[in-house]
There are 2 protein chains.
Amino acid sequence: MTRVSVLITNIGELVTNAPQDAVSVASPGPFCAVNDAALVIEDGLVAWVGPAAQAPAADELTDAAGRAVLPGFVDSHAHLVFAGERGAEFAARMAGLPYSAGGIRSTVAATRAASDGQLRAGLARLAAELAAQGTTTFECKSGYGLTVADEARSVALAAEVTPEVTYLGAHVVPAEYESDVAGYLDLVCGPMLAACAPFARWVDVFCERGAFGADEAAAVLAAGEAAGLVPRVHANQLGPGPGVQVAVQAGAASADHCTYLTDADVDALASSGGTVATLLPGVEFSTRQPYPDARRLLEAGVTVAIATDCNPGSCFSSSMPLCIALAVREMRMTTQEAVWAATAGGAHALRRTDVGHLGVGARADLVMLDGPTHAYLAYRPGVPLVARVWQGGVALGRE
Amino acid sequence: MTRVSVLITNIGELVTNAPQDAVSVASPGPFCAVNDAALVIEDGLVAWVGPAAQAPAADELTDAAGRAVLPGFVDSHAHLVFAGERGAEFAARMAGLPYSAGGIRSTVAATRAASDGQLRAGLARLAAELAAQGTTTFECKSGYGLTVADEARSVALAAEVTPEVTYLGAHVVPAEYESDVAGYLDLVCGPMLAACAPFARWVDVFCERGAFGADEAAAVLAAGEAAGLVPRVHANQLGPGPGVQVAVQAGAASADHCTYLTDADVDALASSGGTVATLLPGVEFSTRQPYPDARRLLEAGVTVAIATDCNPGSCFSSSMPLCIALAVREMRMTTQEAVWAATAGGAHALRRTDVGHLGVGARADLVMLDGPTHAYLAYRPGVPLVARVWQGGVALGRE
């Protein structure tokens, strides 16, 4: 927490995601930006937003020198508790082999074999990497343990670095349960859930051919809900399937991937009232698969988030800036839509009202870019543009 | 220059681009790497390379902790002397408008209007950005002045930051010469060349519909050669055309872009003996155009380089790591081919024997990655993986 008030002034473009005449709204609004702006941080929160010329005095002053300031990125989908790496699998895939969820099992073996200290160190490295790239809120899933003990330590470790912990015992059926899927589901919905629920906020299931079907997924989500967890679903990534419908029916906060959708799926998301479509373009980049049709979702009125899916298999990128550039280049989102989806969209997908926007009262999670507008994230792809980051009002920047 | 010898040990993978049994070769060889390696820097040069277990003593020790070390990237195509920016043009293009070379003129107007100090500051910012991303050698073109005075100051400013300065008076016909192309070519081949040649090593021409035709391009290159400059050519970017043939016939060091090639073009490059095909995938990413067919060129035996083309219009990325990731994802190059093209390939395109490899005697231009192998540049796209950079033996790193 900041003990003193900090005025950041001379902001070329301040993305607030809060209408200018209602900057004290307490949740993310539509994409909004103020030019030649200033912002005051106090007690870890945004205390004032407006034109630089009208800024109040503060204890400390930071000159943005015309650069853009955005809400910190909200990465609502990441798998960060694991050991090992799958660089060879990546190279094979780039040489033409298809992605299959089966590769998950190699990470499961490495994760089970790792010590708590090794897992904690890997997680700390990735958390630092996320922060350096402007991600100030992130979700973290289990799912590479797949035993009661290994899932429980995964969620416990995740809870050390983020409140947005997701129990994903239903990531894939582990090898030892290959011929007893029902037995594994009993474990996932019984003792494994009981061991994990105290550390988690969310329950997730990989509803996909090769993983879990509609009834299985619904059972996992229902069990999780009964234990106090809120559902989210891996849906319709590798082919058409029931994932989105399962998600909407369960009142999930998010259906993630959404590449292969029917009109009924799009309608279900649009009329869901609370199920965000979370798109993960880094996965398509890293697996050379078709990108989801973001325009179709946006035009139907679906709330769209962008996240990394950072994981050692299908996308080992933790870069929200790259995801924004891919959303613009490959999914034809405007720069405004992409930045909104990576901030306010992620907040919606995590049902957070305190992040993803910079209205008065929001958490002072800020990113300052080496560039005058948010559009530079797509205009200058690959360039490390994150000049400075504030998390809860505390500067983490590399300046 | 280092005053003392530095031993970098515990290198997980050391990419040398020099056969292990001939590490003292004085020019880039094929892709080669040594595992569990060490390297000694002395007087700004690579003094020793080999297995860590056999490393000699040195004055200072750096522990790579299993990380990969590569030759510094050689960016053989960049336009860094300019003022202004074209973010709005970028956004329009992403919204569906095609890229046209005409946008160059807006940068010409801004560049002419800028002071020397403004141009120098912009160039310094970009040069620092390149270095931070692991680029230790870069080419820099003029081409946004297009008057004798403005081209001369562009090459003079470029020469302050790199020896690889390219005179590109023949970038586009400026508006004031629209109805007198012959008159502009007289200027380019006459007084403008005379003013620029003392500061430049290379002469380049944009041989493309909407810019300069075959005869015009050949005349520019011949005039440049007569003034002591070595040719390079912007060729076959926007459509089929004579660029590659002009380049090969002029003995150019490089034909750049190479998207629209006939079999005869590929044959000409393969049998040229010295004309590299420089691919610029950041441009295709940023203009949503088709990528060049790298596999066709590689399979024909053409020497392929990768470069950024960093410029405010068609690709405002300075990221060689992104170009490598795009080369793998979009052009189906292997990670080895892509890294070679971004190091040794660039060195060939600049006819440099001292960079692009880490044989004994090479310049100690090194990149240390936050990752165990070169493949991480593609496996972890968008993540700032450059942990530390040495340029001529001097550490620039951010560690």
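Computed from a predicted model, the values in this text were never measured in an experiment.

Draft legend 1. Structural context of the sheet that holds strand S9 (residues 202-207) of chain B. All names here are of chain B. Read from one edge to the other, the open sheet built from eight strands follows the order S6-S7-S8-S9-S10-S11-S12-S13, with strand pairing classed as parallel. Looking at the sheet topology across the chains shown, the edges are occupied by strand S6 (73-75) and strand S13 (304-306). Taken over all neighbouring pairs, the strand axes of this sheet differ in orientation by 25 degrees on average, direction set aside. Of the strand pairs in this sheet, S6 and strand S7 (residues 135-141) are connected by three bridges, and their pairing is parallel. Considered in S7, the bridge of Phe73 is made with Thr135. Packing against the sheet, helix H12 (residues 320-331) makes contact with S6, S7, strand S12 (276-279) and S13, and its axis sits at approximately 85 degrees to S6.

Draft legend 2. Just the interface of chain B and chain A, in detail. Each side of the interface is counted separately: chain B has 36 residues, and chain A has 36 residues. The contact between chain B and chain A buries some 3,200 Å² in all, and 59% of this surface belongs to carbon and sulfur atoms. Of all residues in chain B, Phe285, Arg329 and Tyr379 of chain B give up the largest surface area on contact with chain A, accounting jointly for 26% of the area buried on that side. Counting across the interface, chain B meets chain A through two salt bridges.

Draft legend 3. View of the pattern of salt bridges. All names here are of chain A. One pass over the full model with this rule turns up 40 salt bridges over all chains. Residue Arg93 is joined to Glu89 by a salt bridge in which the shortest nitrogen-to-oxygen separation is 3.5 Å. Here Arg93 pairs with Glu89, and both are found in helix H1 (residues 87-94), just four residues apart, close to one helical turn. Assessed through its relative accessible area of 4%, Arg93 is described here as buried. Residue classification places Glu89 among the partly exposed positions, given a relative accessible area of 23%. A salt bridge links Lys141 to Glu139, with the shortest nitrogen-to-oxygen separation between them at 2.7 Å. Glu139 sits in the buried class, given a relative accessible area of 0%. The network of salt bridges with shared partners includes Glu139, Lys141, Asp204 and Arg232.

Draft legend 4. Just the relation of the copies chain B and chain A, in detail. Superposing chain B onto chain A requires a rotation of 180 degrees together with a translation of 0.0 Å along the rotation axis, leaving an RMSD of 0.0 Å. The relationship between the two copies is best expressed as a two-fold rotation axis. Among all C-alpha atoms of chain B, that of Gly382 of chain B lies closest to the rotation axis, at 2.6 Å. Taken together, the interface assignments show that 100% of the residues at the interface of chain B recur at the interface of chain A, consistent with an identical surface on both copies.

Draft legend 5. View of the packing of aromatic side chains. Residue and element names in this part refer to chain B. Inspection of every chain in the model, using the stated rule, returns 14 aromatic pairs over all chains. On the numbers, 6.1 Å between centres and 75 degrees between planes, the contact of Phe82 with Tyr144 is edge-to-face. Note that Phe82 is positioned in the loop between S6 and helix H1 (87-94) and Tyr144 in the loop between S7 and helix H4 (148-159), a separation of 62 residues in sequence. The pair Phe82 / Tyr144 is uniform in exposure class, with both members buried. Centroid distance Phe82 to Phe316: 5.8 Å. Interplanar angle 70 degrees. Geometry classified as edge-to-face.

Draft legend 6. The arrangement of helix H3 (residues 116-132) of chain A in detail. Residue and element names in this part refer to chain A. Counted at 1.5 Å a residue, the expected span for H3 with its 17 residues is 24 Å, and the 24 Å between its end C-alpha atoms agrees. Residues of H3 that are buried include every one of Leu119, Gly122, Leu123, Leu126, Ala127, Glu129, Leu130 and Ala131, and no others. The inward-facing, buried residues of H3 abut strand S6 (73-75), helix H2 (104-113), strand S7 (135-141), helix H4 (148-159) and strand S15 (386-391). Just beyond H3, the residue with positive phi is Gly134, at close to 95 degrees.

Draft legend 7. Here's a closer look at helix H5 (residues 181-189) of chain B. Buried within H5 of chain B we find Gly183, Tyr184, Leu185, Leu187 and Val188 of chain B. Where H5 of chain B is buried, its residues meet H4, strand S8 (164-170), helix H6 (191-196) and helix H7 (214-226) of chain B.

Draft legend 8. Region of interest: the domain arrangement of chain A. Residue and element names in this part refer to chain A. Each assigned domain of chain A is listed here: domain 1 (5-72 + 356-395) and domain 2 (74-349). Summarising the inter-unit geometry, the C-alpha centres of domain 1 and domain 2 are found 29 Å apart. Contact residues are listed per partner, giving 22 residues for domain 1 and 20 residues for domain 2. Roughly 1,600 Å² of surface becomes buried between domain 1 and domain 2 when both sides are summed, with 69% attributable to carbon and sulfur atoms. A per-residue breakdown of the area domain 1 buries against domain 2 is headed by Phe31, Gly72 and Leu377, which together make up 27% of the total. Counting across the domain 1 and domain 2 interface gives five residue pairs in polar contact (both at pLDDT 80 or more).

Draft legend 9. Representation of the packing of H12 of chain B against helix H13 (residues 335-349) of chain B. Residue and element names in this part refer to chain B. Interaxial distance between H12 and H13 falls to 9 Å at its minimum, and their mutual angle equals 140 degrees. The chirality of how H12 crosses H13 is right-handed. Taken together, the residues of H13 that come into contact with H12 (itself represented by Met320, Ile324, Ala327 and Val328) are Thr335, Ala338, Val339 and Ala342. Here the contact of H12 with H13 is built from residues that sort into seven nonpolar, one polar and no charged.

Draft legend 10. Looking closely at the pairing of strand S5 (residues 68-71) of chain A. All names here are of chain A. Bridge count for strand S1 (residues 6-15) against S5 is two bridges, and the pairing is parallel. Within S5, the residue paired with Leu14 across the bridge is Val69. Looking at chain direction, S5 and strand S14 (residues 366-369) are connected through three bridges and run antiparallel. Paired with Val69 across the two strands is Met368, which belongs to S14.

Draft legend 11. Expanded view of the side chain of Asp150 of chain A. Locating Asp150 of chain A in the fold gives a position in helix H4. Among all residues touching Asp150 of chain A, those that are not within four sequence positions of it are Arg112 and Gly145 of chain A.

Draft legend 12. Here's a closer look at a negative patch on the surface. Residue and element names in this part refer to chain A. A surface patch of like charges, here negative, comprises Glu42, Asp43, Asp59 and Glu60. Relative to the assigned elements, Asp59 resides in the loop between strand S3 (45-51) and strand S4 (60-63). Among the residues examined, Asp59 registers a relative accessible area of 55% and is labelled exposed.

Draft legend 13. The sheet that holds strand S10 (residues 230-235) of chain A, seen in detail. Residue and element names in this part refer to chain A. The sheet built from eight strands is open, its strands ordered S6-S7-S8-S9-S10-S11-S12-S13 with parallel pairing. The two strands at the open ends of the sheet, each matched to only one other strand, are S6 and strand S13 (304-306). For this sheet, the mean angle separating the axes of adjacent strands, direction not counted, is 25 degrees. By the bridge criterion, three bridges tie strand S11 (residues 254-257) to strand S12 (residues 276-279) in an arrangement that is parallel. Among the inter-strand pairings, Ser254 is bridged to a residue of S12, identified as Val276. Where helix H7 (residues 214-226) meets the sheet, its contacts fall on strand S8 (164-170), strand S9 (202-207) and S10, and the angle it forms with S9 comes to roughly 175 degrees.

The rules we used
Residues numbered from 1 in each chain as written. Chains lettered and ligands numbered in written order. Predicted model: local features only at pLDDT ≥ 70, side-chain atom pairs only at ≥ 80, totals over all residues. Heavy atoms only, no water. Pairing = 2+ DSSP bridges. Helix = DSSP H or I, 4+ residues; strand = E, 2+ residues; numbered from the N terminus. Axes fitted to C-alpha atoms, helices over the stretch in contact; angles between N-to-C directions. Contact = heavy atoms within 4.5 Å. Buried area = accessible area lost by both parts, 1.4 Å probe. Salt bridge = Lys/Arg side-chain N within 4 Å of Asp/Glu carboxyl O. Buried < 20%, exposed > 50% of the residue type's maximum accessible area, 1.4 Å probe, protein only. Least-squares fit on C-alpha atoms with pLDDT ≥ 70 in both. Phe/Tyr/Trp six-rings, centres within 6.5 Å; stacked < 30°, edge-to-face > 60°. Expected span 1.5 Å × (residues − 1). Domains from an automatic or database assignment. Polar contact = N/O pair within 3.5 Å; in protein donor to acceptor, adjacent residues only side chain to side chain. Left-handed = near helix turned anticlockwise from the far one by under 90°. Nonpolar A, V, L, I, M, F, W, Y, C, P; charged D, E, K, R; others polar. Patch = residues over 30% accessible without salt bridge, like charges linked within 9 Å, V, L, I, M, F, W, Y side chains within 5 Å. Areas by Shrake-Rupley, 256 points an atom, 1.4 Å probe, with all protein chains shown as cover. Lys, Arg positive; Asp, Glu negative; His and termini not counted. Charge placed at Lys NZ, Arg CZ, Asp CG, Glu CD.

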